[in-house]
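The chain contents come next:
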Amino acid sequence: MNQPTFAKKLMRKKSVHNVLRDSSSESHGPNSGMNRTLSVWDLTGFGIAAVIGAGIFSTIGNAAFNGGPGVVFLFMFTAIACGFSAFCYAEFASQLPVSGSAYTYAYASLGELIAWIIGWDLIMEYAIGNIAVAISWSDYFTSLLAGYGIRFPAYLSMDWLTASRGHTAVEALVASGIPLEEVAQKGATLAQVDAYQAFMNAPHFLGFPIVCDLPAFVVTVLVTMVVYVGIQESKRVSNIMVLVKIAVLLLVIGLGAFYVRPENWSPFMPNGVSGVLKGVSGVFFAYIGFDAISTTAEECKNPQRDLPRAMIYSLIICTVLYIAVALVLTGMVSYKDLAVGDPLAFVFGTEGANVPWISGVIAVSAVVALFTVLLVFQLGQPRIWMAMSRDGLLPKIFSALHPKFKTPWFSTIMTGLLVGVPTLFMNLTEVTDLTSIGTLFAFLLVCLGVLKMDPNRPREPGKFRMPHMSSRFVLPALSVIAVIWVFKAFPEGVSNFFSTVDATDPSIQGWEVIKHKIPLALFLVGMVWLNIEAIRKQLSLIPVLGVVTTGYLMTELGWINWLRFGIWLLVGLSIYLIYGIKHSKANVSA
């Protein structure tokens, strides 16, 4: 038998039959088989738990500040974009009801190399996302304690980098002759002063100050313990907490409606379309997570029926809640006042309805909401590793199941360490957009994977199947309309795109200008290719629109995030070429 070439190894696929066979084989034996305990409502709860988190408690404020009440249109657009991807996830989940999510789907449709890339991408998405969520949870938790008069030591609730930077900044001001007690009024921010004090008051070990974010680490350990002991326990914790935060949001909406002043909704889009679109990153971050429930396929009672329903149900419920909250917030106070980190508490403070008791309720809800986000992502990542290990792309121990709890125990512990240890000392706020770009990339590849599936394959009873509508005429027509609209509505922006000189600062020229246009240029090239393929092959419209919307949203995340994302993928590619390609189980069957 001829050995497959290197290129063929990279593109080899795993058939649907083999995916299901391998998953079934893992379910036999004394230490194998995951507990099937999740119903459609449990899955919907996981979806809501993942989606309603930091987005609705923080980023919604800045998005409303930029877009005004018209930010609701951005929530609608983002929900539609996620909806296209949700249909694609649902189609795959119905065909391949196994753990692995987008990684497994890519393996069956786009080949091993793309599957590895998307698996590596999901590791980054879940890990960095949860590090940021754990740090945010710590901030809300210590603020909640402070509200009750309990002062948590600053040096145990702050990362070392932030404390060190604050210490350096304040020391520089003191060295310039400013007394320490006056630095807050003469150049230093309150956050820098707090960081300085944390650095100075910290105990020392071998002359080194001990500064760490202990609550972030502890909550990661607690969540990991819940995930470790079983899906049943994770489900119960998630369902209870989801009910709590939905009740709080309904309270905010119901109570806030009595304080809405319709004049605050005029003008509805004060900064036009561009102002609304400024909130793309924050609003999309608010939707991240509904896809994580696909990693629990092997723990569902009826995954082929329930997974598709749960994804769509959770997306609809969260979108309705987001839009209602956005309308209430922008109706209670002017959008100009919403550039705050805690908009829900702000509108009920002295600047808004002046209902102080609800601030405590919202603070508790924020702590609960962020805990459930941590729970779902800590639940998802080990199952991605488990699927990759089953295929030989990671060592076998990553797919080992606990004999009693029936969970991927080693992967769960590794996930806890990967997230927990960095929360102690790292400040990753500047790279949280990596979570958004990683998720969008996963959505994009899942949509492309659906396009590779045979549209004429027979329908199977009991399995979800999205309607096939040809994009041959629709996509070109929409593309022409979009081009005409952009040229008419944003002539200056079009002119700037083709210029190598920065419009706001003519001293910035050449590569410094061009590099920021690369993401949009790649998107436009991709659109040309997609239009050609739509005309040639009559591609299915829903996944095509999923590719278009997720691809465009990626262009809004900035050059630096594309660069960091590219570096991460190159690291992953190196690991695949050194280990994965040699140990892949596909080598045995090749």
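Residues numbered from 1 in each chain as written. Predicted model: local features only at pLDDT ≥ 70, side-chain atom pairs only at ≥ 80, totals over all residues. Heavy atoms only, no water.

Some remarks on the overall build of the protein
Thought 1: A tally of regular secondary structure across the protein gives 25 helices and two strands.
Thought 2: The 590 residues of the protein split such that 54% are buried.
Thought 3: Approximately 25500 Å² of the protein is accessible, and the part contributed by carbon and sulfur atoms is 68%. (Helix = DSSP H or I, 4+ residues; strand = E, 2+ residues; numbered from the N terminus. Buried < 20%, exposed > 50% of the residue type's maximum accessible area, 1.4 Å probe, protein only. Areas by Shrake-Rupley, 256 points an atom, 1.4 Å probe, with all protein chains shown as cover.)

Points about the environment of Val174
Thought 1: Inspection of the secondary structure assignment puts Val174 in helix H8 (residues 160-175).
Thought 2: A residue is classified by how much of its surface remains accessible, and Val174, at 32% relative accessible area, is partly exposed.

Quick word on the packing of aromatic side chains
Thought 1: Under the counting rule described, the total for this entry stands at 21 aromatic pairs.
Thought 2: Ring geometry for Trp511 versus Trp559: centroids 5.8 Å apart, planes at 85°, classification edge-to-face. Of this pair, Trp511 sits in helix H21 (residues 511-514) while Trp559 sits in helix H24 (residues 559-583), placing them 48 residues apart in sequence.
Thought 3: Every member of this aromatic cluster is reached through a ring pair, and the members are Tyr89, Phe92, Tyr105 and Phe443. (Phe/Tyr/Trp six-rings, centres within 6.5 Å; stacked < 30°, edge-to-face > 60°.)

Re unusual backbone geometry
Thought 1: With omega at 0°, the peptide bond leading from Ser266 into Pro267 counts as cis.
Thought 2: Along the chain, the position of Pro267 falls in the loop between helix H11 (231-257) and helix H12 (272-277).
Thought 3: For Lys406, which is not glycine, the phi torsion reads 60° and is therefore positive.
Thought 4: Relative to the elements of secondary structure, Lys406 occurs in the loop between helix H16 (357-390) and helix H17 (409-425).
Thought 5: Exposure remark for Lys406: the relative accessible area of 16% places this residue in the buried category.
Thought 6: Phi at Gln538 is positive, roughly 50°, even though this residue is not glycine.
Thought 7: Mapped onto the fold, Gln538 is located in the loop between helix H22 (518-537) and helix H23 (541-555).

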